[in-house]
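Remarks on the overall topology
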Amino acid sequence: DTGVSQNPRHKITKRGQNVTFRCDPISEHNRLYWYRQTLGQGPEFLTYFQNEAQLEKSRLLSDRFSAERPKGSFSTLEIQRTEQGDSAMYLCASSFLAASTVGTQYFGPGTRLLVL
Amino acid sequence: AQKVTQAQTEISVVEKEDVTLDCVYETRDTTYYLFWYKQPPSGELVFLIRRNSFDEQNEISGRYSWNFQKSTSSFNFTITASQVVDSAVYFCALSDDYGNNRLAFGKGNQVVVIP
């Protein structure tokens, strides 16, 4: 049983460039979450999907950010016109939501973004 | 709004000592879930334990144990007989029982185990 995977693990980009990250959740998990973590802080919620539907976006997710989960499998997070303040670790997590239980979220290794 | 507070920032212990991490939470929900995650230097968040709000029984799992007290909104975590591999940042997190179930994290406790 493979865990959550994320690619790339590291990304260095210049301000103004677009970047895209990918997350592959645990195969049977129907929920997928994106979080952002800056140095010395805990992760902060960005958005989540249930199957292919994006059900909520945090106020942290500006118009430059877009996330997709086509076919309810892998997900991509794109940041357009990157800014230095976007430098952070982007974490993906997945869980299985059943009728009567809240699934535990399992995290991937993260993508560390540095915007120069 | 949900909030998690981890007051201690860095804790250093000598190997084989016990270390207890404090977590205080705020929520208006009557049913919720509490978690502890470990983040080693590699960066990946590793799930450790989970407790729901309607079960206050404290348990032990290997070298890990937790003390959940609803009356004081605390969910403390103890590592017994610490090892160097326990050096990591530990996060306490809170999730509601409905809707998005997103996790609200504390700022984390940096644990340094000195050999």
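Residues numbered from 1 in each chain as written. Chains lettered and ligands numbered in written order. Predicted model: local features only at pLDDT ≥ 70, side-chain atom pairs only at ≥ 80, totals over all residues. Heavy atoms only, no water.

**Side note on the overall build of chain A**
Applicable threshold: Put simply, DSSP H or I for four residues or longer makes a helix, DSSP E for two residues or longer makes a strand, and each gets a number counted from the N terminus. For a compact globule the rule gives 2.2 Å times the number of residues to the power 0.38, and the radius of gyration it is set against comes from C-alpha atoms. Burial status follows relative accessibility: with a 1.4 Å probe on protein chains alone, a residue under 20% of its type maximum counts as buried, one over 50% as exposed, and anything between as partly exposed. By definition, residues are in contact when any of their heavy atoms lie within 4.5 Å.
For chain A, the count of helices and strands is zero helices and eleven strands. In sequence order, chain A lays out its α and β elements as β-β-β-β-β-β-β-β-β-β-β. Rg of the C-alpha trace for chain A: 14 Å, near the compact-globule value of 13 Å for 116 residues, within the 12% margin. Burial status across chain A gives 48% buried among its 116 residues. The contacts of chain A with a sequence gap of at least 6 include a subset with a gap of at least 24, amounting to 54%.

**Describing the pairing of strand 9 (residues 88-95) of chain A**
Residue and element names in this part refer to chain A. Stated precisely, the cut-off is as follows: Strand pairing is assigned whenever DSSP detects at least two bridges linking the two strands.
Buried residues dominate strand 9, accounting for eight of its eight residues. The side-chain alternation of strand 9 yields two buried faces, one formed by A88, Y90, C92 and S94 and the other by M89, L91, A93 and S95. Sheet analysis places strand 4 (residues 31-37) next to strand 9, joined by seven bridges and oriented antiparallel. Within strand 9, the residue paired with Y35 across the bridge is L91. Examined bridge by bridge, strand 9 and strand 11 (residues 111-115) share three bridges and lie antiparallel to one another. Following the sheet pairing, A88 is matched in strand 11 by L113. Across two bridges, strand 9 lies against strand 10 (residues 106-107) in antiparallel orientation. Bridging from a neighbouring strand, A93 pairs with F107 of strand 10.

**As for the pattern of salt bridges**
Residues and elements named next belong to chain A. Worth spelling out the cut-off: We define a salt bridge as a contact between a side-chain nitrogen of Lys or Arg and a carboxyl oxygen of Asp or Glu at a distance within 4 Å.
Throughout the structure, instances matching the rule amount to five salt bridges over all chains. Where R64 meets D86, a salt bridge forms, and the shortest distance between an N and an O atom there is 2.8 Å. Of this pair, R64 sits in the loop between strand 6 (53-57) and strand 7 (65-68) while D86 sits in the loop between strand 8 (75-79) and strand 9, placing them 22 residues apart in sequence. Residue classification places R64 among the buried residues on the basis of a relative accessible area of 11%. By relative accessible area, D86 is classed as buried at 3%. One connected set of salt bridges, linked through shared partners, spans R64, E83 and D86.

**Some thoughts on the state of the cysteines**
The cut-off we apply is this: A pair of sulfur atoms, both from cysteines and within 2.5 Å, is called a disulfide here.
Counted according to the given criterion, the structure contains two disulfides over all chains. Each sulfur in the disulfide pair C23(A) and C92(A) lies 1.8 Å from the other. The chirality of the disulfide connecting C23(A) with C92(A) is left-handed, given an S-S dihedral of about -65 degrees. In this pair, C23(A) is assigned in strand 3 (residues 19-24) and C92(A) in strand 9, connecting sequence segments 69 residues apart. In this pair, the class of C23(A) matches that of C92(A), namely buried. Bridging C23(B) to C92(B), the disulfide has an S-S length of 2.0 Å. Measuring the twist about the S-S bond at about -70 degrees, one finds the C23(B)-C92(B) disulfide to be left-handed. With C23(B) in the loop between strand 3 (19-21) and strand 4 (24-26) and C92(B) in strand 10 (residues 88-96), this pair connects stretches of sequence that are 69 residues apart. By the burial criterion, C23(B) is buried, and C92(B) matches it.

**A few points about the side chain of R69(A)**
All names here are of chain A. We apply this condition: Counted charges follow a simple rule, with Lys and Arg positive, Asp and Glu negative, and His plus the chain ends left uncounted. For the purposes of these results, a polar contact is taken to be a pair of N or O atoms within 3.5 Å, where, inside protein, one atom must be able to donate a hydrogen and its partner to accept one; residues adjacent in sequence count only when each atom of the pair is a side-chain atom.
Structurally, R69 can be placed in the loop between strand 7 and strand 8. Buried R69, no salt bridge; nearest opposite-charge side chain is E52, N-O distance 7.1 Å. Within the structure, the side chain of R69 is placed 3.0 Å from the backbone oxygen of N51, a separation counted as a polar contact. Only 2.9 Å separates the side chain of R69 from the backbone oxygen of G72, close enough to count as a polar contact. When residues no more than four places from it in sequence are discounted, the contact partners of R69 are P25, H29, N30, R31, L32, F49, Q50, N51, E52, F74 and S75.

**A word on the interface of chain A and chain B**
Spelled out, the test is: Reported buried area values correspond to the accessible surface (1.4 Å probe) lost by two parts on association, with both partners' losses combined.
Taken together, the contacts link 24 residues of chain A with 22 residues of chain B. Three residues, V102(A), T104(A) and F107(A), lead the burial of chain A against chain B; their summed loss comes to 30% of the area buried on that side. There are one salt bridge connecting chain A and chain B. One salt bridge in this structure joins R102(B) and E56(A), with 3.7 Å as the shortest N-O distance. The tally of links from chain A across to chain B stands at six residue pairs in polar contact (both at pLDDT 80 or more).

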